[in-house]
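Observations on the model geometry
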Amino acid sequence: MNPKYYRIYDNSVENPFENYTIDNNSFLDELVGRTLCSKCKRSRKYFCYTCYRPMPEFAHKVPKVKLPFKIDIIKHERELEGKATSVHAAIIAPDDVTVYMYPHNVPDYSKNNEKTILIYPSKNSMSIDEFIAQHTANATSTSSQCEEANVRTPPEETASCQEKESERKSCDVPVPFEKAVFIDATWPQSRSIMSKAAVKNLPCITLRKRMSFFWRHQKNSPRWYLATIEAIHQLLNEVDPNNNGRYDNLLFYFEFMYRKIHTLYSYDTLLAYKRKMDLSSEKEEEKANKSTGHVPPKPSSA
């Protein structure tokens, strides 16, 4: 696994993306004023977050990324469109990313849940490595059954079995699923989405802990709770760890906005970057204090 994708950066580092392969986005700094979206005709600046497309005058400068599987993003209707990073994925990988608005048009995944995973840290979730290992073992067993069946199976059925095996091997990145579902919402909002039958029975995947550099603060969340675009990037790097930066351009807008935010605000003043990677020790200490009646002293204002 290439370590540059999982390096944990110290808070003093100004550019955590310096080792990523991201196209030059400096032209976005030169934009003055707004223009009209070529589709909806609404006034936008960097991209249209309603139509999921870059502004026409510089669309040719915005990179496109091809993904090894499809991605559905279920976006809560109360999540601000202009601030949601799911839009970045839909713009940069338009052939592979679809955004659905909850609760109006959430797909029913119950009919094909064997080929679909949900990226969500539930109690029963597993890592992507565990999921791949589990399904690779099943695929090996199925392949053996196909070979054994060749001895006594009619030619047309044997051809079908071999065709399926060929399709599995023809992928650049052999993954045992066809679609990954992400939830774009605050954590309280995500719980309401998870309660719906359409998604709650999907196998849940937990990503490796990676420090988030999203500037929006969510109270009582650890630093490894990622923005949607960060989580998509993380999943792709876990599935395809030797990709040589193939998916880094998904962070094209995210890196630009991170840099933009830090020209306006000091890193040390943003609450999002004061979160700890692990909140369990804090919660245990708080629970112990409550049980003993101990009240920790307030920090001195001096």
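Model, not experiment: these values are computed from the prediction.

For the rest of this paragraph, the subject is the overall build of the chain. A tally of helices and strands in the chain yields 8 helices and 9 strands. In the chain, which comprises 302 residues, the proportion classed as buried is 43%. Of the contacts made within the chain by residues no fewer than 6 positions apart, 75% connect residues no fewer than 24 positions apart. Total accessible area on the chain stands at roughly 17,200 Å², and carbon and sulfur atoms take up 50% of it.

Residues of the chain with pLDDT of at least 70 account for 67%, and the chain-wide mean is 77. Here residues 281-302 is modelled with pLDDT under 50, and outside its nearest four sequence neighbours on either side it reaches 3 contacts, counting other chains as well.

For the coordinates displayed, the defined rule picks out 10 aromatic pairs. For the ring pair F17 and Y20, a centre distance of 5.8 Å and an interplane angle of 90° mean the geometry is edge-to-face. Like F17, the residue Y20 is buried in the burial classification. Between F17 and F254, the aromatic rings sit 6.1 Å apart at their centres with planes inclined by 80°, giving edge-to-face as the arrangement. Of this pair, F17 sits in the segment before β1 (35-36) while F254 is found in helix α7 (residues 252-264), placing the two residues 237 residues apart along the sequence. Exposure class is identical for F17 and F254. Each is buried. Three or more aromatic residues link up through ring pairs in this structure, and these residues are F27, F47, F58, F252 and Y253.

What follows concerns helix α4 (residues 187-194). Listed in full, the buried residues belonging to α4 are Q189, S190, I193 and M194. Looking straight down α4, one finds its buried side chains confined to an arc of 140°; they lie on one side. More than 90 degrees from the buried face of α4, the exposed residues found are P188 and R191.

What follows is about the pattern of salt bridges. Counted by the stated rule, this structure contains 7 salt bridges. Among the salt bridges present, the one from K179 reaches D72, with a minimum N-O distance of 3.4 Å. You can see K179 sitting in strand β8 (residues 179-184) and its partner D72 sitting in strand β5 (residues 70-76), a full 107 residues away along the chain. On the basis of relative accessibility, which here comes to 3%, the residue D72 falls in the buried class. One network of salt bridges, with partners in common, ties together D29, E255 and R259.

Right, let's get into helix α6 (residues 228-239). Turn by turn, an α-helix covers 3.6 residues, leaving residues three or four places apart pointing in a common direction. The terminal C-alpha atoms of α6 lie 17 Å apart, and with 12 residues this matches the ideal 16 Å at 1.5 Å per residue to within 8%. Where burial is concerned, most of α6 is hidden: 12 out of the 12 residues are buried. Those residues of α6 that fall on the buried side of the exposure criterion are T228, I229, E230, A231, I232, H233, Q234, L235, L236, N237, E238 and V239.

A word on the environment of N113. Assignment of secondary structure puts N113 in the loop between β6 (97-102) and β7 (116-119). The partly exposed category is assigned to N113, whose relative accessible area is 27%. Taking the C-alpha atoms as reference, N113 lies 9.9 Å from E178; in sequence the two are 65 residues apart.

Quick look at the side chain of H88 now. With respect to the helices, strands and loops of the structure, H88 is situated in helix α1 (residues 86-92). Every residue in contact with H88, bar those within four places of it in the chain, is listed here: F47, I229, L250, Y253, F254 and M257.

For β5 and β6, the ladder comprises 6 bridges, and the chain directions are parallel. By the bridge assignment for β6, I73 is matched with V99. In terms of handedness, the path from β5 via α1 over to β6 forms a crossover that is right-handed.

This paragraph deals with the nonpolar core. Residues L67, F69, F177, F182, L235, L250 and Y253 are the most contacted members of the largest nonpolar core, which totals 56 residues. Not counting residues up to four positions away in its chain, the partners in contact with L235 are F69, I119, I128, A180, F182 and L207. Grouped together as the second largest cluster of nonpolar side chains are 14 residues, I74, I183, I193 and V199 included.

This brings us to the pairing of β5. For β5, a buried count of 6 out of 7 residues is recorded, marking the element as mostly surrounded by other parts of the structure. Here 6 bridges tie β5 to β8, and the two strands are oriented parallel to one another. Directly across from D72, in β8, lies its bridge partner V181.

Right, let's talk about the sheet that holds strand β9 (residues 204-205) for a bit. Strand pairing in a sheet relies on backbone hydrogen bonds, with the paired strands running either antiparallel or parallel. The 5 strands lie next to each other as β6-β5-β8-β7-β9, forming an open sheet whose pairing is parallel. The open sheet has two free edges, formed respectively by β6 and β9, since each of these has just one partner strand. Summarising the sheet, β7 and β8 pair through 3 bridges and their orientation is parallel. Paired with T116 across the two strands is K179, which belongs to β8. Set on the sheet, α4 makes contact with β5, β6, β7, β8 and β9; between it and β5 the angle comes to about 115°.

Thresholds, definitions, all that
- Residues numbered from 1 in each chain as written.
- Predicted model: local features only at pLDDT ≥ 70, side-chain atom pairs only at ≥ 80, totals over all residues.
- Heavy atoms only, no water.
- Helix = DSSP H or I, 4+ residues; strand = E, 2+ residues; numbered from the N terminus.
- Buried < 20%, exposed > 50% of the residue type's maximum accessible area, 1.4 Å probe, protein only.
- Contact = heavy atoms within 4.5 Å.
- Areas by Shrake-Rupley, 256 points an atom, 1.4 Å probe, with all protein chains shown as cover.
- pLDDT = per-residue confidence, 0-100.
- Phe/Tyr/Trp six-rings, centres within 6.5 Å; stacked < 30°, edge-to-face > 60°.
- Arc of directions from axis to C-beta.
- Salt bridge = Lys/Arg side-chain N within 4 Å of Asp/Glu carboxyl O.
- Expected span 1.5 Å × (residues − 1).
- Pairing = 2+ DSSP bridges.
- Right-handed = clockwise from strand over helix to strand, strands pointing away.
- Core = buried A, V, L, I, M, F, W, Y, C linked by side-chain atoms within 4.5 Å.
- Axes fitted to C-alpha atoms, helices over the stretch in contact; angles between N-to-C directions.

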